[in-house]
Amino acid sequence: MAQLEIHHINVGQGDSTLIINRNIAQLGSNIDAAIQKNSSLSKPSAVEDYLPYAVSLNNNSRSGPVIQLDNTIRAALLIDAGESVYGIDVNSYLVTSGVKAADNKNKFTTLATHFHSDHVNGFREVFFSDYAIKKNYSDQTLNFPPVTAYDCGDLKEWDDNPSYANYVDSVKYLAGKNLTKRRVIKIHEVIPLGKDSDNTEIMLRCIANNGTVSLNGTNTEKQIIKTTDSPDQNARSTVMILEYGDFRYFLGGDIGGTGDESGGNWANNKDTRTKAFYSNYPDIETGVTAVLPQIYKADPKRGNTSAGHTCCFFANHHGSGSSNDVFLLEVLKPTLSVCSSGVRMQFHCHPTQQCFNRADNSNNYSPKWQTPGKKDSAANTVDNTIDGYYVNEMAQDNDNYGTTKSPKPYKRTFPKGKILGDIIVRPIDVVNYTSSTNGIRIQVYGTGDMTDSSIISKPLRPKYGTAGTSPYPLGPFIHTCNLH
């Protein structure tokens, strides 16, 4: 049984991703121990059901955890923590998942992809349990400091940025107590998350950071942005590839692409609004698109391989129309995609319809993707391989932003998409692909109501449902990745 979990925590229109290496065998033993104390419980027949079963029982219990999770964590990494208002929710999610425990102190790390408030402000509530109330740091408010706090690095012009200053001050306090080491991540650096019971390593590899992209899969780098120009922080986002055997997951923060034809976006794939209205940032995606096939080469011993391929894709910049270019998607060829959204719509209207169009070929917007470097929309196209699209809790449409008119129901359509609250993605069974297997199966489940475009504004139900509901609040949805 694969032991990697990727949790996209619902923090509105921000980002927070928790990655866990969990000891599934230990979790099974913990379930057995709980059954011995309470004969009314029954152990799920499928190993992949253990975690949602345990979490559901724990959330529905008023007398404390039914099944112990604290000792099941081999390692955990929290990438971003949303706005400050969501920090306590993120902290609670860590506890619920079994991450927050004394014996896990040296197994917990964090990564701040960049210093916008919707990515880093929540870290204070993760580090300090009652910071939101007391607004200060003290030993009494220490919550769960990471052993290492990775981030994209310092630049002078960030000194007057309150989100940056708050994050750095928090980490400096923890460092002063010898609890945490701050580390600026480097391109090609690997963050290890331990091994599973079959000795397969789980790690994150940095391929771009701070406006600089790996050039050829080695230590050679190319600077895309001029740091002296004080570009937007989105362009400085850390870009990571999560690796677990043959399973790969792309996490690009808020990097931008082009949004236009030079990125492969034609017709309904192109955002036709003026660039003053929607996101317009330096193009990091093109550099990432070029290096991916050099780092992840096609295996000549296998029949169905694709250089640069990743199994899953976390949409860049919350589904911006000027990110998530078709050329990048064509190289990644992801089996499924996840996008953060939230009910607090911002002026940029993320996620955009154009982003959905590029990923969803069931509505004939993007039946094929174009090969990078080609300028003709009809030339050198390949099949769109995305099998599913998942979004955190949708918002109201914001076409009337800045006016006195009331917001309208969200109008985005994506027939292959599903709307969840928290979204959990897990490879199951085989993660080392061979010719004798049919691919890597990927499981997705989550919280909240699954809705479609006709009932897209329906509110989500409480996390993990209510007592007596299925162990799976939503799902599981199974996808198979066979491009290895």
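Residues numbered from 1 in each chain as written. Predicted model: local features only at pLDDT ≥ 70, side-chain atom pairs only at ≥ 80, totals over all residues. Heavy atoms only, no water.

Caption draft 1: Inspection of the sheet that holds strand 4 (residues 108–112) at higher detail. Taken together, the nine strands give an open sheet; going across it, the order is 6-5-4-3-2-1-19-20-21, and neighbouring strands pair in mixed fashion. The sheet is open, and its two borders are formed by strand 6 (181–184) and strand 21 (474–481), each paired with just one other strand. Here the average twist between neighbouring strands, direction ignored, is 20°. Bridge count for strand 5 (residues 148–151) against strand 6 is four bridges, and the pairing is parallel. Residue pairing across strands places Ala149 opposite Arg182, the latter belonging to strand 6. (Pairing = 2+ DSSP bridges. Helix = DSSP H or I, 4+ residues; strand = E, 2+ residues; numbered from the N terminus. Axes fitted to C-alpha atoms, helices over the stretch in contact; angles between N-to-C directions.)

Caption draft 2: Broad picture of the pattern of salt bridges. Following the criterion strictly, the structure yields eight salt bridges and no others. Notably, a salt bridge pairs Arg182 with Asp154, separated by 2.9 Å at the nearest N-O pair. Here Arg182, found in strand 6, pairs with Asp154, found in the loop between strand 5 and helix 7 (162–176); they are 28 residues apart in sequence, far enough to count as distant. Look at Arg182 and you get partly exposed, because its relative accessible area is 28%. (Salt bridge = Lys/Arg side-chain N within 4 Å of Asp/Glu carboxyl O. Buried < 20%, exposed > 50% of the residue type's maximum accessible area, 1.4 Å probe, protein only.)

Caption draft 3: Region of the structure containing the pairing of strand 8 (residues 201–209). Burial analysis of strand 8 places seven of its nine residues in the buried class, which makes it a mostly covered element. Note: strand 7 (residues 190–195) against strand 8, four bridges, orientation antiparallel. Looking at strand 8, one finds that Val190 is bridged to Arg205. Remark: five residues form the turn of the hairpin made by strand 7 and strand 8, two consecutive strands paired antiparallel; Asn199 in that turn has positive phi of roughly 70°.

Caption draft 4: Local environment of the side chain of Thr258. With respect to the secondary-structure elements, Thr258 resides in the loop between strand 12 (247–251) and helix 8 (285–295). Given the relative accessible area of 10%, Thr258 is considered buried. At 3.1 Å, the side chain of Thr258 and the backbone nitrogen of Gly263 are in polar contact. (Polar contact = N/O pair within 3.5 Å; in protein donor to acceptor, adjacent residues only side chain to side chain.)

Caption draft 5: Representation of the packing of aromatic side chains. Taken as a whole, this structure holds 11 aromatic pairs when the rule is applied. Ring geometry for Phe115 versus Tyr164: centroids 5.1 Å apart, planes at 65°, classification edge-to-face. Residue Phe115 is located in the loop between strand 4 and helix 4 (117–120), and its partner Tyr164 is located in helix 7; the two are separated by 49 residues in the primary sequence. Here Phe115 matches Tyr164 in class, with each residue buried. Considering the side-chain rings of Phe356 and Tyr389, the 5.2 Å spacing of their centres and the 90° angle between planes classify their relative orientation as edge-to-face. (Phe/Tyr/Trp six-rings, centres within 6.5 Å; stacked < 30°, edge-to-face > 60°.)

Caption draft 6: Representation of helix 3 (residues 84–97). Helix length check: helix 3 (14 residues) gives 20 Å between terminal C-alpha atoms against 20 Å at 1.5 Å per residue, within 8%. Among the residues of helix 3, Tyr86, Gly87, Val90, Asn91, Tyr93, Leu94 and Ser97 are the ones counted as buried. Take helix 3 and look down its axis: the buried residues cluster within an arc of 160°, on one side only. Check the buried side of helix 3 and you find it contacts strand 1 (4–8), strand 2 (17–22), strand 3 (73–79), strand 4, helix 5 (123–127) and strand 19 (423–428). In the stretch just after helix 3, Gly98 is the one whose phi turns positive, near 90°. (Expected span 1.5 Å × (residues − 1). Arc of directions from axis to C-beta. Contact = heavy atoms within 4.5 Å.)

Caption draft 7: Local environment of the side chain of Ser16. Counting through the fold element by element, Ser16 comes out in the loop between strand 1 and strand 2. Assessed through its relative accessible area of 2%, Ser16 is described here as buried. If we ignore the near neighbours within four places in the chain, the residues touching Ser16 are His7, His8, Ile9, Val11, Leu78, Ile79, Asp80, Ala81, Gly82 and Val90.

Caption draft 8: Spatial organisation of the nonpolar core. Among the nonpolar cores identified, the biggest contains 44 residues, and Leu18, Leu78 and Val99 are the most heavily contacted of them. Taken together, the elements giving at least two residues each to this core come down to strand 2, helix 1 (24–37), helix 2 (50–60), strand 3, helix 3, strand 4, helix 5 and helix 7. Grouped together as the second largest cluster of nonpolar side chains are 38 residues, Ile6, Ile79, Leu251 and Cys312 included. (Core = buried A, V, L, I, M, F, W, Y, C linked by side-chain atoms within 4.5 Å.)

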